[in-house]
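Chain and residue survey
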Amino acid sequence: MAFRKTKGRGVFAQPTGTPDLSGYKSLADSYNSIADVVFNIGTDIRTEKLNDLIIEAEKEGATAGSTYDAEGNLVPLTDLSISKNIESQVIGRREKKELKKAYTDSAIKTYTSNISNEAYLAAQDLLSNNPNDPQAIRGGLSGFIDGLENIPENVRQAVLPSITRHFVTAESQANAGMIALSRKDTEETMLENIRITQE
């Protein structure tokens, strides 16, 4: 008896008795590849949205780090919470953490830059008023740091090195001025003593 293919059916009879399902496997593979493409498109859209929100959080952080009051004084950076408008646009905990980090880093970086400029100006003002008095500059540093008592500790740790650097530089210049003045006074005293002994 010869084997004859069954006509008009999608599944063919084989002499071993198992149907040929190779078409169903390739269909399932096609569905899987379509699902992967759609999933990747969704992931790309979500990643793009997260990147846009990170940029928005960085802008908001930069604004928070450079806020001035009506008299033109830098407002201390005390609030490091991101706005609910930005945070509510993401669902995942990891994404919210990324947004918070972008906001905080930007705010601290901008605030550090601004407070560093103010520290430089304060140190130079003290130096111009006290060119030979390093103690006055050291006291000015202490007062400047005391003015930062309300800011969070992580912000304080970020700004202290640059503030200290400006005041230490001014203190060194005042110390050099004090030494030069002392040498000049010593020289004048010695010259006066020489003149007195020659008389």
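Residues numbered from 1 in each chain as written. Predicted model: local features only at pLDDT ≥ 70, side-chain atom pairs only at ≥ 80, totals over all residues. Heavy atoms only, no water.

**Observations concerning the overall build of the chain**
Within the chain, the secondary structure is distributed over five helices and zero strands. Secondary structure elements in the chain, listed N-terminal to C-terminal, are α-α-α-α-α. Taking contacts inside the chain between residues at least 6 apart in sequence as the whole, the part at least 24 apart equals 67%. On the chain, roughly 13900 Å² of surface is accessible, and the fraction owed to carbon and sulfur atoms is 56%. (Helix = DSSP H or I, 4+ residues; strand = E, 2+ residues; numbered from the N terminus. Contact = heavy atoms within 4.5 Å. Areas by Shrake-Rupley, 256 points an atom, 1.4 Å probe, with all protein chains shown as cover.)

**Some thoughts on the packing of helix H4 (residues 134–146) against helix H5 (residues 153–198)**
Put simply, H4 and H5 touch, their axes get as near as 8 Å, and they point 165° apart. Considering the angle they form, H4 stands roughly antiparallel to H5. Crossing geometry of H4 relative to H5 is assigned as right-handed. Each of Pro134, Ile137, Arg138, Gly140, Leu141, Phe144 and Ile145 in H4 lies in contact with H5, whose residues at this interface are Arg156, Leu160, Ile163, Thr164, Phe167, Ala170, Glu171, Ala174, Asn175 and Met178. Class assignment of the residues belonging to the contact of H4 with H5 gives a composition of eleven nonpolar, three polar and three charged. (Axes fitted to C-alpha atoms, helices over the stretch in contact; angles between N-to-C directions. Parallel < 35°, antiparallel > 145°, perpendicular 65-115°, else oblique. Left-handed = near helix turned anticlockwise from the far one by under 90°. Nonpolar A, V, L, I, M, F, W, Y, C, P; charged D, E, K, R; others polar.)

**Here we look at the pattern of salt bridges**
Summed over the entire model, instances satisfying the criterion amount to five salt bridges. Linking Arg94 and Glu98 is a salt bridge whose minimum nitrogen-to-oxygen distance equals 2.2 Å. Taken together, the residues Arg94 and Glu98, both in helix H3 (residues 93–129) and four residues apart, mark about one turn of the helix. Judged by its relative accessible area of 28%, Glu98 falls in the partly exposed class. Residues Glu171 and Arg138 are paired through a salt bridge, measuring 2.4 Å at the closest nitrogen-oxygen approach. Residue Glu171 is found in helix H5, and its partner Arg138 is found in helix H4; the two are separated by 33 residues along the sequence. (Salt bridge = Lys/Arg side-chain N within 4 Å of Asp/Glu carboxyl O. Buried < 20%, exposed > 50% of the residue type's maximum accessible area, 1.4 Å probe, protein only.)

**Observations concerning a nonpolar patch on the surface**
A cluster of nonpolar side chains, namely Leu27, Tyr31, Ile34 and Val38, defines an oily patch on the protein surface of about 410 Å² accessible area. Relative to the elements of secondary structure, Leu27 occurs in helix H1 (residues 22–65). Assessed through its relative accessible area of 42%, Leu27 is described here as partly exposed. (Patch = residues over 30% accessible without salt bridge, like charges linked within 9 Å, V, L, I, M, F, W, Y side chains within 5 Å.)

**Focus: the environment of Pro134**
For Pro134, the location among the structural elements is in helix H4. Take Pro134: its relative accessible area is 6%, and that puts it in the buried class. For the pair formed by Pro134 and Ala170, sequence separation is 36 residues and the distance between their alpha carbons is 8.0 Å. Once residues within four sequence positions are removed from consideration, Pro134 is found in contact with Glu171, Ala174, Asn175 and Met178.

**Remarks on the nonpolar core**
The biggest cluster of nonpolar side chains holds 34 residues, and the ones touching the most others in it are Leu99, Tyr111 and Ile163. Looking at this core, the elements with two or more residues in it are H1, H3, H4 and H5. If one sorts the elements of this core by residue count, H3 sits on top with ten residues. Excluding anything up to four places from it in sequence, Leu99 contacts Leu50, Leu53, Ile54, Ala57, Ile82, Ile86, Glu87 and Val90. (Core = buried A, V, L, I, M, F, W, Y, C linked by side-chain atoms within 4.5 Å.)

**Re the confidence of the model for the chain**
Of the residues in the chain, 88% reach a pLDDT of 70 or more, and the chain-wide mean stands at 83. Mean pLDDT in the chain bottoms out at helix H2 (residues 84–87), which sits at 82, and peaks at H3, which reaches 90. (pLDDT = per-residue confidence, 0-100.)

**Observations concerning the packing of H3 against H4**
At their nearest, the axes of H3 and H4 sit 9 Å apart, and the two run at 150° to each other. In terms of their interaxial angle, H3 and H4 are classed as roughly antiparallel. The hand of the H3/H4 crossing is right-handed. Where H3 abuts H4, its residues Ile115, Glu118, Ala119, Ala122, Ala123, Leu126 and Leu127 lie against Ala136, Ile137, Gly140 and Phe144. Here the residues of the contact of H3 with H4 sort into nine nonpolar, one polar and one charged.

**Structural notes on the environment of Pro161**
Inspection of the secondary structure assignment puts Pro161 in helix H5. For the pair formed by Pro161 and Thr112, sequence separation is 49 residues and the distance between their alpha carbons is 9.6 Å.

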